[in-house]
Amino acid sequence: MFDRLREDIAAIRERDPAARSAWEVVTCYPGLHAIVLHRFAHACWRRQWRWLARFVSQLARFLTGIEIHPGATLGRRVFIDHGMGVVIGETAEIGDDCTIYQGVTLGGTSLTRGAKRHPTLERGVIVGAGAKVLGGFTIGAEAKIGSNAVVVKPVPAGGTAVGNPARIVMPAVSRPKEPKHEGFCAYGITPNADDPMSLAIHGLIDHASTQTQRIDEIVAALERLGARVEALNAVDGAALVDLKRLCTSMDGKTEERTESLAR
Ligand SMILES: CC(C)(COP(=O)(O)OP(=O)(O)OC[C@H]1O[C@@H](n2cnc3c(N)ncnc32)[C@H](O)[C@@H]1OP(=O)(O)O)[C@@H](O)C(=O)NCCC(=O)NCCS
């Protein structure tokens, strides 16, 4: 139990830039309180102590403003930030490492008792403030739901859905294959990653790097044949200085790439 609590606290500190200490998290984060109480309510629910489970769930709602039905299944390191107004339905399933902001509803649209009425969030999904995800479908791993979106259809893994009704603005397939960042992006925002200017500059730098490598190979081959090639290095150096100045403001990765280009 304490291991779970410890990893919950660590997850909150990692994902909320405002969290300054473990003590602050334990005492001031209603999302953590709601999840701890939900674990107890869910255990009661599974033992068929239905009234006690509902009562604990309502007590948690009274204390935190977060309503999680005791039948809902939550994975590890789920973080409900701020939390006020969050409602999570009976058949909802939330995977490991999901993040949910205030005002989110994981709700149902059908009244059929015993059916899967609420959504499933796979691992690492981020649901923005005020979003409503309605129905028994799946939101794929690492997907992002924009604040105030109303999602009524499945979202593919890695996709981003915004608006009402939600549309996919960034399908996973159109994204670069390499991971664009390490760790969690607070609020679901990926700095610079989808900025077309940044992507174009990175593409040019990669291209220049490959060209430089090939030119080096050609120069080496020419030198082996007895030719002397000196002017190229000076031109290269000057061009690199300009390129570096142009790109430094884009992001840290650019600087690393120009350095590797210089080598
Ligand atoms: C949806 C979200 C995850 C997208 O972040 P991102 O990957 O950085 O994407 P961008 O900001 O580049 O936006 C992509 C497009 O979606 C639009 N968009 C972004 N968020 C939107 C939203 N909530 N509703 C409607 N459209 C939105 C942008 O205008 C942009 O459209 P365009 O391509 O036509 O210009 C992010 O905007 C979001 O809503 N995060 C939740 C934040 C939150 O709830 N914070 C609460 C903290 S208390």
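Cut-offs used in this document
- Residues numbered from 1 in each chain as written.
- Predicted model: local features only at pLDDT ≥ 70, side-chain atom pairs only at ≥ 80, totals over all residues.
- UniProt positions renumbered as here; feature names shortened; annotations may be inferred.
- Helix = DSSP H or I, 4+ residues; strand = E, 2+ residues; numbered from the N terminus.
- Buried ≥ 20, exposed ≤ 12 C-beta atoms within 10 Å, placed from the backbone.
- Contact = placed C-beta atoms within 7 Å.
- Pairing = 2+ DSSP bridges.
- pLDDT = per-residue confidence, 0-100.
- Near = placed C-beta within 6 Å.
- Nonpolar A, V, L, I, M, F, W, Y, C, P; charged D, E, K, R; others polar.
- Expected span 1.5 Å × (residues − 1).

- The name recorded for the chain in an unreviewed UniProt entry is serine O-acetyltransferase, from Caballeronia pedi.
- As stated in UniProt under Catalytic activity (unreviewed entry), the record for the chain gives "L-serine + acetyl-CoA = O-acetyl-L-serine + CoA".
- Of the comments in the UniProt record for the chain, the one headed Sequence similarities (unreviewed entry) reads "Belongs to the transferase hexapeptide repeat family."

**Brief notes about the overall build of the chain**
- Helix and strand counts for the chain stand at seven helices and 15 strands.
- Expressed as a percentage of the 263 residues in the chain, the buried residues total 29%.
- Sequence-distant contacts, at least 24 apart, represent 32% of the contacts inside the chain between residues at least 6 apart.

**A few points about the environment of alanine 72**
- Within the secondary structure, alanine 72 is located in the loop between strand S1 (67-68) and strand S2 (73-74).
- Residue classification places alanine 72 among the buried residues on the basis of 21 C-beta atoms within 10 Å.
- Remark: the alpha-carbon pair of alanine 72 and threonine 120, spanning 48 residues in sequence, is separated by 10.0 Å.
- For alanine 72, the residues in contact, after removing those within four places along its chain, are Ile88, Gly89, Glu90 and Ala92.

**A closer look at the sheet that holds strand S11 (residues 138-139)**
- Pairing is parallel across the open sheet formed by four strands, whose spatial order is S2-S5-S8-S11. Strands with a single pairing partner mark the edges of an open sheet, and in this sheet they are S2 and S11.
- Across two bridges, strand S5 (residues 93-94) lies against strand S8 (residues 120-121) in parallel orientation. Across the sheet, residue glutamate 93 finds its bridge partner in S8, namely threonine 120.

**Some words on the confidence of the model for the chain**
- Residues at a pLDDT of 70 or more form 78% of the chain, whose mean pLDDT is 85.
- Low confidence marks residues 176-181, where pLDDT is under 50. Its contacts with residues over four positions away, or in another chain, come to four contacts.

**Some points on the site of the ligand**
- Around the ligand sit 17 residues, and of these Gly128, Ala129, Gly146, Val162 and Gly188 come closest.
- Among the residues making up the shell around the ligand, the classes are represented as six nonpolar, nine polar and two charged.

**Observations concerning helix H3 (residues 30-46)**
- Relative to the 24 Å expected for 17 residues at 1.5 Å per residue, H3 spans 24 Å between its end C-alpha atoms, a close match to the ideal helical length.
- Every buried residue belonging to H3 is among Gly31, Leu32, Ala34, Ile35, Leu37, His38, Ala41, His42 and Trp45, and all of these are buried.
- Elements that come into contact with the buried residues of H3 comprise helix H1 (2-15), helix H2 (22-28), helix H4 (50-64), S1, S2 and strand S3 (79-80).
- Trailing H3 by a residue or two, glutamine 48 shows a phi angle of about 70°, which is positive.

**So, the sheet that holds S3**
- Strand order across the open sheet formed by six strands is S3-S6-S9-S12-S14-S15, with mixed pairing between neighbours. For this open sheet the edge positions go to S3 and strand S15 (167-170), each flanked by a neighbour on one side alone.

**Points about the environment of alanine 34**
- Note that alanine 34 resides in helix H3.
- Alanine 34 gets classed as buried once you count the C-beta atoms within 10 Å, which come to 25.
- Note: C-alpha distance between alanine 34 and isoleucine 66 (32 residues apart in sequence) is 6.5 Å.
- Those residues in contact with alanine 34, other than ones at most four positions away along the chain, are Ala60, Thr64, Ile66, Ile68, Ile80 and Gly83.

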